[in-house]
Amino acid sequence: MTNPSTNKITLAALFISLSAIGGMIKIPLGIASIALDSLPALVAVLFLSAPLAGTVAAFGHLLSALFGGMPLGPFHIIIALEMWAAVWLFAKLHNANRTALKWPVFIICNGLLAAIPFYFLLSPAFFYASVLGLLMAATINAVGAAIVLPFMNKVGEKVL
């Protein structure tokens, strides 16, 4: 019999791998690290705790940034933490059955709120240039996850 925590770590590694693959699918919106890396993390909320799903998002972003050449250098650590927080909140809302609220909250957190520190750290111009692309990418990731989640929910019932 396998240890339940071993199963969770294995699932987290699987979803991080899927995030790495999603990180290779770039969305041409100006910044090289915008990709489909958060979609697997959003699906992971079906199988993993909120902190672990957030960890999938953080590692997924770091891998996506590596594939894109780390255009923002060490600022990607801040972005990874923001991704962790956005998916953690998404998972908490999902677990509380706040289905209608979790999608717009994720899109706003990931597409708008996550860009705010860069208004001050880099420049207002960077913020204004990137926020539309980030909102579009967050929406694409959310829509993809919304399409996949119902199918994975049936799988989750069998796995867990």
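The rules behind the values
- Residues numbered from 1 in each chain as written.
- Predicted model: local features only at pLDDT ≥ 70, side-chain atom pairs only at ≥ 80, totals over all residues.
- Heavy atoms only, no water.
- Helix = DSSP H or I, 4+ residues; strand = E, 2+ residues; numbered from the N terminus.
- Rg over C-alpha atoms; globule rule 2.2 N^0.38 Å.
- Buried < 20%, exposed > 50% of the residue type's maximum accessible area, 1.4 Å probe, protein only.
- Contact = heavy atoms within 4.5 Å.
- Expected span 1.5 Å × (residues − 1).
- 1 Å grid on protein atoms, 1.4 Å probe; cavity = no way out; pocket = protein on both sides within 12 Å on 5 of 7 lines; lining within 4 Å.
- Points joined across faces, edges and corners; volume = space filled by probe spheres on them.
- Nonpolar A, V, L, I, M, F, W, Y, C, P; charged D, E, K, R; others polar.
- Axes fitted to C-alpha atoms, helices over the stretch in contact; angles between N-to-C directions.
- Left-handed = near helix turned anticlockwise from the far one by under 90°.
- Phe/Tyr/Trp six-rings, centres within 6.5 Å; stacked < 30°, edge-to-face > 60°.

Helix and strand content of the protein chain: 7 helices and 0 strands. Ordered by position from N to C terminus, the α and β elements of the protein chain give α-α-α-α-α-α-α. Over its C-alpha trace the protein chain gives a radius of gyration of 15 Å, about what one expects of a compact globule, namely 15 Å for 160 residues. Counting the 160 residues in the protein chain, one finds 43% classified as buried. Residue pairs at least 24 apart in sequence account for 67% of intrachain contacts in the protein chain once pairs closer than 6 positions are excluded.

By the element assignment, tyrosine 119 lies in helix α6 (residues 116–121). Classification of tyrosine 119 by relative accessible area gives partly exposed; the value is 29%. With 46 residues separating them in the primary sequence, tyrosine 119 and glycine 73 have C-alpha atoms 16 Å apart. With near-sequence residues (within four places) excluded, tyrosine 119 lies in contact with Pro124, Phe127 and Tyr128.

Here we come to helix α3 (residues 50–67). The α-helix advances 3.6 residues per turn, and as a result positions three or four apart in sequence lie on the same side. In a regular helix each residue adds 1.5 Å, so 18 residues correspond to 26 Å; α3 covers 26 Å between its end C-alpha atoms and thus fits that length. Once α3 finishes, glycine 69 follows within two positions and takes phi at roughly 90 degrees, a positive value.

The subject of this paragraph is empty space enclosed by the protein. Tallied over the entire structure, the rule returns 1 cavity of 30 Å³ or more. As for the largest cavity, its lining consists of 21 residues, and the residues nearest its centre are Ile34, His61, Ile79, Asn110 and Leu134. A total of 6 residues in the lining of the largest cavity trace back to one element, the largest contributor, which is helix α7 (residues 124–159). Within the lining of the largest cavity, the residues separate by chemical class into 13 nonpolar, 6 polar and 2 charged.

A separate point is the environment of valine 148. For valine 148, the location among the structural elements is in helix α7. Taking relative accessible area as the criterion, valine 148 reaches 30% and is therefore assigned partly exposed. Between the alpha carbons of valine 148 and alanine 129 there is a distance of 30 Å; along the sequence they are 19 residues apart.

Further remarks concern the packing of α3 against helix α4 (residues 75–95). Put simply, α3 and α4 touch, their axes get as near as 7 Å, and they point 145 degrees apart. Where α3 crosses over α4, the handedness of that crossing is right-handed. Packed against α3, whose contacting residues are Ala50, Pro51, Ala53, Gly54, Thr55, Ala57, Ala58, His61, Leu62 and Ala65, the element α4 presents His76, Ile77, Ile79, Ala80, Met83, Trp84, Val87, Trp88, Ala91 and Lys92 at the interface. Considered class by class, the residues forming the contact of α3 with α4 number 15 nonpolar, 4 polar and 1 charged.

Attention now goes to unusual backbone geometry. Peptide bonds are trans in most cases, and residues, glycine excluded, mostly fall at negative phi. Despite not being glycine, methionine 70 has its phi angle at roughly 50 degrees, a positive value. Counting through the fold element by element, methionine 70 comes out in the loop between α3 and α4. Unusually for a residue other than glycine, asparagine 97 sits at a positive phi of about 55 degrees. Mapping asparagine 97 onto the fold places it in the loop between α4 and α5 (99–111).

What follows covers the packing of aromatic side chains. This structure, assessed with the given rule, holds 10 aromatic pairs. Measuring from ring centre to ring centre gives 5.7 Å for phenylalanine 75 and phenylalanine 118, while their planes differ by 90 degrees; the resulting arrangement is edge-to-face. Residue phenylalanine 75 is found in helix α4, and its partner phenylalanine 118 is found in helix α6; the two are separated by 43 residues along the sequence. Put simply, the rings of Tyr119, Phe120, Phe127 and Tyr128 pair up and form one aromatic cluster.

Remember, this is a structural readout, not a statement about activity or role.
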